[in-house]
Amino acid sequence: MKPSSFRYAVPTTLRAAIDIRAGAEDSVILAGGQSLIPTMNFRLANPEVVIDLRKLDELNYLRVSGGMVRIGAMTRQRVVEENTEALAANPLIRETLTNVAHPAIRNRGTVGGSLAHADPSAELPTLLTTMRGVLTAQGPSGRRSIPASEFFEFIFTTSLEPDELLVEAAVPVLEPGEGWAFTEFARRHGDYAVAGVAATLRVGPDGLISHARLGACGISTVPALLTDCEDLLTGQAPTAELFAAAGRLARDAVTVSDDSATTKAYRQHVLAGLVDRTLKTAMTRVGVPR
Ligand SMILES: Cc1cc2nc3c(=O)[nH]c(=O)nc-3n(C[C@H](O)[C@H](O)[C@H](O)COP(=O)(O)OP(=O)(O)OC[C@H]3O[C@@H](n4cnc5c(N)ncnc54)[C@H](O)[C@@H]3O)c2cc1C
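Residues numbered from 1 in each chain as written. Predicted model: local features only at pLDDT ≥ 70, side-chain atom pairs only at ≥ 80, totals over all residues. Heavy atoms only, no water.

A. Representation of the nonpolar core. In terms of nonpolar packing, the biggest core is built from 34 residues, with Leu115, Leu127 and Leu128 touching the most fellow members. Shared between two domains, this core takes at least three residues from each, and those domains are domain 2 (57–172) and domain 3 (179–284). Setting aside anything within four residues of it in sequence, one finds Leu115 in contact with Leu124, Pro125, Leu128, Leu135, Phe151, Phe152, Thr158, Leu166 and Ala169. One finds Ala195, Leu201, Leu226 and Leu271 within the second-largest nonpolar core, a separate group that totals 27 residues. (Core = buried A, V, L, I, M, F, W, Y, C linked by side-chain atoms within 4.5 Å. Buried < 20%, exposed > 50% of the residue type's maximum accessible area, 1.4 Å probe, protein only. Domains from an automatic or database assignment. Contact = heavy atoms within 4.5 Å.)

Here is the structure:
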């Protein structure tokens, strides 16, 4: 199928993009098009105006500053994956990205597009949520920062206002010696995951876990923070029994019902195993120089 007719705008500045958005009744932002174009071809979206951001070089950047890896919304996922500064600052970003679709899709897909699309099965929203990242929106009245925990509101729904654009995603830098891992289970490599898990672990001089971050995709209507598991882990010795117990506890966080892909019970089973495996992998990286 082909999309219904629309007006096409290719602004060359962010200011112009915001003005076009503010002046249009019914517009959509086109970033990498990997999710939007199929939606338009199926006529699930029939916008009057498509605002293509591909010429906005000002949204195409990656820099590490103020303890954050700051990524412009139009930065291609593959560019971030291959960026050595981002790898040194937070290797969880690359590990997460290698689980997103296929390289061809990551060549076109942007970081901002994946986050604004807000698919609860997607990996990047889970990374931002787990890491307590911050998103920046810009509209006619200026810029505002939105914690990831407040950005993702429901399936395909964010707290962006209709006249706002997502302009930046910021992910905290990992502490020296902090362990990290992202694992997921998908029926075929490159498919959306049945479930996926992101984790970071810090261990103190006393040998106990001093800080744990744990989040998951595919189990809820938004990227899920597994805070009960984080609490269980903190202050404990990092043993195989503890990681298995965290996996069992994580099962309660699955809120989606049976669907055409799988059952709730199977998702819970997969999640428990992934939490266990992800924590074990993160633990092998604790204290390893980067
Ligand atoms: C075969 C296939 C498999 C895939 N598998 C996966 C997968 O396993 N995991 C995964 O995470 N993704 C997957 N994807 C999706 C892919 O990662 C997309 O790149 C991503 O979801 C959207 O990024 P995009 O840049 O292409 O955005 P677009 O498709 O251009 O836009 C997506 C949505 O975000 C909005 N938007 C984009 N940028 C902005 C902005 N700056 N401000 C406000 N709104 C904006 C658009 O209006 C649209 O609603 C898959 C896609 C395909 C085609």
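This is not the end of the story, as more comes after the structure.
B. Main features of the pattern of salt bridges. A complete count under the given rule lists 14 salt bridges for this structure. Here Arg132 makes a salt bridge to Glu230, at a shortest N to O gap of 2.8 Å. Of this pair, Arg132 sits in the loop between α8 (123–130) and β6 (134–139) while Glu230 sits in helix α10 (residues 227–233), and the two are 98 residues apart along the sequence. We classify Arg132 as partly exposed; its relative accessible area is 37%. Here Arg267 ties to Asp259 by a salt bridge, and the two come within 2.7 Å at their closest N and O atoms. We classify Arg267 as buried; its relative accessible area is 5%. Using a relative accessible area of 39% as the deciding quantity, one classes Asp259 as partly exposed. Because the salt bridges share partners, they merge into one network encompassing Arg78, Glu81, Glu82 and Arg106. (Salt bridge = Lys/Arg side-chain N within 4 Å of Asp/Glu carboxyl O. Helix = DSSP H or I, 4+ residues; strand = E, 2+ residues; numbered from the N terminus.)

C. Representation of the site of the ligand in the model. As a matter of local geometry, the ligand sits amid 28 residues, with Ile29, Gly33, Leu36, Thr110 and Glu123 nearest to it. Between the ligand and Glu123, the relevant distance is 2.7 Å, taken from a nitrogen atom to a side-chain nitrogen or oxygen of the residue. The backbone of Leu166 places a nitrogen or oxygen atom 2.9 Å from a nitrogen atom of the ligand. For the ligand, the accessible surface in isolation is 980 Å², of which the surrounding protein chains cover 86%. Among the elements of the structure, β2 (27–30), α7 (111–117) and β10 (165–172) are those that each provide at least two residues to the shell around the ligand. With 4 residues, α7 is the largest single contributor of residues to the shell around the ligand. (Near = heavy atom within 4 Å. Polar contact = N/O pair within 3.5 Å; in protein donor to acceptor, adjacent residues only side chain to side chain. Areas by Shrake-Rupley, 256 points an atom, 1.4 Å probe, with all protein chains shown as cover.)

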